[in-house]
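# Per-entry structural report
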Amino acid sequence: MDEETIRKLYSDCSLCARRCHADRYDKPGFCMAGPRIKAARAAIHMWEEPVLAGSGGSGAVFFSGCTLRCVFCQNHEISSEGYGKEISAKALADIFLRLQEEGAENIDLVTASQFVPEVLYALDMVKDRLIIPVIYNSGGYESIETLKLLEGYVDIYLPDVKYCSDELSVRLSKAPGYFDTAIAAVREMIRQTGKPEFFPGSGKLKKGTIIRHMVLPGKRRDSIRILNELEKLGTDNFLISVMSQYTPFYKVKTDNAFNDMNRRIFSFEYDEVVDEALRLGMNGFMQEKSSAKEEYTPAFDLKGIEDQPCGAGDLKSMNNV
Ligand code: SF4
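Procedures and definitions
Residues numbered from 1 in each chain as written. Predicted model: local features only at pLDDT ≥ 70, side-chain atom pairs only at ≥ 80, totals over all residues. Heavy atoms only, no water. Helix = DSSP H or I, 4+ residues; strand = E, 2+ residues; numbered from the N terminus. Expected span 1.5 Å × (residues − 1). Contact = heavy atoms within 4.5 Å. Near = heavy atom within 4 Å. Nonpolar A, V, L, I, M, F, W, Y, C, P; charged D, E, K, R; others polar. Axes fitted to C-alpha atoms, helices over the stretch in contact; angles between N-to-C directions. Parallel < 35°, antiparallel > 145°, perpendicular 65-115°, else oblique. Left-handed = near helix turned anticlockwise from the far one by under 90°. Phe/Tyr/Trp six-rings, centres within 6.5 Å; stacked < 30°, edge-to-face > 60°. Buried < 20%, exposed > 50% of the residue type's maximum accessible area, 1.4 Å probe, protein only. Lys NZ or Arg CZ within 6 Å of the ring centre and 35° of its normal. Salt bridge = Lys/Arg side-chain N within 4 Å of Asp/Glu carboxyl O. Pairing = 2+ DSSP bridges.

### Side note on helix H4 (residues 89-101)
Here H4 spans 19 Å end to end across 13 residues, near enough to the 18 Å set by a 1.5 Å rise per residue. On its buried face, H4 is in contact with strand E1 (38-45), strand E2 (58-63), strand E4 (106-110) and helix H5 (116-126). Of the residues one or two after H4, Gly-103 is the one with positive phi, at around 100 degrees.

Shown next, in the form of structure tokens:
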């Protein structure tokens, strides 16, 4: 991708499903992104799903800004409050190589939708030297056009499917049409990656799509609807990761309008969702309930970036993965 194309994309931005048409050279879009890459952390991250973390961990780059900015976001400092440091595409390319040298099993692009053109620019710079898989870790509110730009660059997609009901997606993420958008995005991701494929003998994922869903307090019926819709994609076409880590953060802690979300989930809520995934024959991961602790929230420190204990909690295999 050349600089002129990047300029066009950023000056009337429709990179994500929100299509807010911001001129990011003038002012940031809904995602809070301007015309340069901004990131808050680039370090080895041990807490992705076991088939991703392996023994070396993921080389995770946490990008600032977000196309969803959920009211319960555990990373709200970087998703909604502008925390981060602007870096060039060349600096990003150097970070990819450094993470590879440090032993990362993969490059994990966390919430990169708003910077896809420059990420591709950076990946082009290192394509002959970067030999580990590239993961695109996404909230699911993607445009198909942008996903098509990623074809051939991304080996593993790691999308969330957060909500089925529009009432929830509008209330919690101001994202109308979220479910249909996320399902269309997942279909495109699976089209690009094909079925999950592993490195021989290592158990580490080489290619494929892992769909994440975090169970929310009082919303397990929505979770079960999501799983039943995902089943229609063919359960051998993706892995599922059912997450229990929900912890009240950000607006749900301070705004009474979200009182119903101001608690962790009960064990029975999580268990019902996992039971449904198993009933539907899904393969993937469940999470230790103990991972719903604030200390597991990533620490962002701007260094290029220094290792800190962080993560989403322990994940263990749900079926045969
Ligand atoms: S990536 Fe950001 S600026 Fe572009 S359409 Fe989405 S929210 Fe708007």
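### Notes on the site of the ligand
All residues in the neighbourhood of the ligand are listed as Cys-13, Ser-14, Leu-15, Cys-16, Arg-19, Cys-20, Arg-24, Gly-29, Phe-30, Cys-31 and Gln-114. Residue composition of the shell around the ligand, by class: six nonpolar, three polar and two charged.

### What about the packing of H4 against H5?
Relative orientation of the contacting elements H4 and H5 amounts to 55 degrees, with a least axis distance of 8 Å. Taken together, the axes of H4 and H5 lie oblique to each other. For the pair H4 and H5, the crossing hand works out as right-handed. Only Glu-118, Val-119, Tyr-121, Ala-122, Leu-123, Met-125 and Val-126 of H5 make contact with H4, whose side of the interface consists of Ala-89, Lys-90, Leu-92, Ala-93, Phe-96 and Leu-97. Grouping the constituent residues of the contact of H4 with H5 by class yields eleven nonpolar, no polar and two charged.

### Concerning the packing of aromatic side chains
Under the counting rule described, the total for this entry stands at six aromatic pairs. Between Tyr-136 and Tyr-157 the ring centres are 5.9 Å apart and the planes differ by 75 degrees, which places this aromatic pair in the edge-to-face class. Of this pair, Tyr-136 sits in strand E5 (residues 134-138) while Tyr-157 sits in strand E6 (residues 156-159), and the two are 21 residues apart along the sequence. Comparing Tyr-136 with Tyr-157 shows no difference in burial state: the two are buried. Ring pairing ties together the aromatic residues Tyr-141, Tyr-163 and Tyr-178, which thus form one cluster. When the ring centre of Phe-30 is taken as reference, the NZ or CZ atom of Arg-18 above it lies at 3.7 Å.

### Quick word on the pattern of salt bridges
The final tally for this structure, using the stated rule, is 19 salt bridges. Glu-48 serves as the salt-bridge partner of Arg-212, at 2.4 Å between the closest nitrogen and oxygen. Residue Arg-212 is located in strand E8 (residues 205-214), and its partner Glu-48 is located in the loop between E1 and helix H2 (50-53); the two are separated by 164 residues in the primary sequence. Pair check on accessibility: Arg-212 and Glu-48 agree, each one buried. We note a salt bridge from Lys-90 to Asp-94, for which the minimum N-O separation is 3.0 Å.

### Things to note about the pairing of strand E9 (residues 239-243)
Within E9, five of the five residues are buried, which leaves the element mostly enclosed by the surrounding structure. Of the two faces of E9, the one carrying Leu-239, Ser-241 and Met-243 and the one carrying Ile-240 and Val-242 are both buried. Bridging between E8 and E9 involves five bridges; their strand directions are parallel. Within E9, the residue paired with Ile-211 across the bridge is Ile-240.

### Here we look at the environment of Asn-259
Turning to its location among the elements, Asn-259 is positioned in the loop between helix H10 (251-254) and helix H11 (267-279). Given a relative accessible area of 47%, Asn-259 falls into the partly exposed group. The spatial distance from the C-alpha of Asn-259 to the C-alpha of Pro-248 is 9.9 Å, given a sequence separation of eleven residues.

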